[in-house]
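# Architecture at a glance
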Amino acid sequence: MDAQERLSYKGKTVLVTGSTDGLGRELARALAADGAHVIVHGRNAERGQALVDEVTRAGVGKATFVAADFASLDAVRAFADNIAKDYPRLDLLVNNAGVLVTGAQPRQTSQDGFELQFAVNYLAGWVLVHRLRPALSAAAPSRVINVASLSAAPIDFDDVMLEKPGAHESGDRQSKLGNARGYGQSKLAQVSMTVELAPDFATDGITMIALHPATMMDTGMVRNAGVAPRTSVDEGRLAVMSLITAPELVAGAFYNGATLATPHPQANDAAARAKLMALSAELTGVPSTTAVSQAADAGQ
């Protein structure tokens, strides 16, 4: 594709969550180099400020660091509301922040008592897309990029939080299986949310997609999990940036790298998506603006 055909983010405002390290940091650097004002997010203020200083020295784009711990839904809601207040027009939201619990680690929970991976990888993004929808709409045409994974596991609606006996019993093998299922559920939830919400968001000029950037990139999250990296962060950055800047995207689609792909069958199950939407609103206290929009259209 001719470089001239690609979208430019010069002068636009973008938010990349989890952008103080790994893939998120490289995306923030690339967007700033394109002339964007990048809202850098993370928990570590020192790393966040270092990236802001780097962007400032480069003298092309701009950057601002906003801290938030996505293991707390109160913190996510406050973060979203602060962004909406300070940036009433948002051209791009990249839901990249994530956590990986692996090996024989015990089941971990968020500050709200939810399984940690489901809370950070999925519920935080649910809050952000809904509370930032007005800002994304104001900047339309705008985009939401949900960084998911091919490591999908069907959501067990009877045990989303891995609390059932046997789901996370003691023992290396059982813990590893439980953690892997938790990660897979959180990533499939991102894809399912994208399929469900994208058509309605598109009516506001917001294109939402999900993607698998690359397999086991050489990031701190992967290395800290004791997993051997299989691809570079640069490979993931190139894939995500190719979609961020693509002239056209298929709203609601799942991409493997920069290529259209077929998601796990549960993502295409309307009944399963409806269960997920109801559960997400219940757990976060943030109702789906899609449901509100549909009710308004029906004259309710």
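Quantities reported herein were computed from a predicted structural model and do not represent experimental measurements. (Residues numbered from 1 in each chain as written. Predicted model: local features only at pLDDT ≥ 70, side-chain atom pairs only at ≥ 80, totals over all residues. Heavy atoms only, no water.)

### What to know about the sheet that holds strand E4 (residues 92-95)
- Ordered in space as E3-E2-E1-E4-E5-E6-E7-E8, the eight strands form an open sheet in which the pairing is mixed. Two strands bound the open sheet, and with one partner strand each, they are strand E3 (62-67) and strand E8 (259-261). Ignoring which end each strand starts from, the neighbouring axes of this sheet average 25° apart.
- Examined bridge by bridge, strand E1 (residues 13-16) and strand E2 (residues 37-42) share four bridges and lie parallel to one another. Each bridged residue has a counterpart across the sheet, and for Thr13 the counterpart in E2 is His37.
- Strands E4, strand E5 (142-147), strand E6 (206-212) and strand E7 (254-256) of the sheet are contacted by helix H8 (residues 233-244), whose axis makes an angle of about 155° with E5. (Pairing = 2+ DSSP bridges. Helix = DSSP H or I, 4+ residues; strand = E, 2+ residues; numbered from the N terminus. Axes fitted to C-alpha atoms, helices over the stretch in contact; angles between N-to-C directions. Contact = heavy atoms within 4.5 Å.)

### Quick word on the packing of aromatic side chains
- This structure, assessed with the given rule, holds two aromatic pairs.
- Residues Phe70 and Phe79 carry aromatic rings whose centres are separated by 5.6 Å and whose planes lie at 70° to one another, so their mutual orientation is edge-to-face.
- Overall, the relative accessible area of 6% leaves Phe70 in the buried class.
- Both rings, one in Phe118 and one in Tyr122, keep their centres 5.2 Å apart while their planes meet at 55°; by these two values the pair is tilted. Placement of both Phe118 and Tyr122 in helix H4 (residues 116-131) is noted, with a separation of four residues, approximately one turn of the helix. (Phe/Tyr/Trp six-rings, centres within 6.5 Å; stacked < 30°, edge-to-face > 60°. Buried < 20%, exposed > 50% of the residue type's maximum accessible area, 1.4 Å probe, protein only.)

### Description of the pattern of salt bridges
- Under the defined criterion, the tally for this structure stands at 13 salt bridges.
- Two residues, Asp21 and Arg25, come together in a salt bridge whose shortest N-O distance is 3.5 Å.
- Relative accessible area serves as the criterion here: at 26%, Arg25 is assigned to the partly exposed category.
- Glu26 is the salt-bridge partner of Arg29, the closest N and O atoms lying 2.5 Å from each other. One end of the pair, Arg29, and the other, Glu26, are both in helix H1 (residues 22-33), three residues apart, so they sit about a helical turn from each other.
- Looking at Arg29, the relative accessible area reads 29%, which means it is partly exposed. (Salt bridge = Lys/Arg side-chain N within 4 Å of Asp/Glu carboxyl O.)

### Digging into the pairing of E1
- By the alternation rule, side chains of E1 split into Thr13 and Leu15 and Val14 and Val16, which are all buried.
- This β-α-β element, E1 to H1 to E2, shows right-handed connectivity.
- Here E1 runs beside E4; their pairing, made up of three bridges, is parallel. In the sheet register, Val14 faces E4, and the bridge partner there is Leu92. (Right-handed = clockwise from strand over helix to strand, strands pointing away.)

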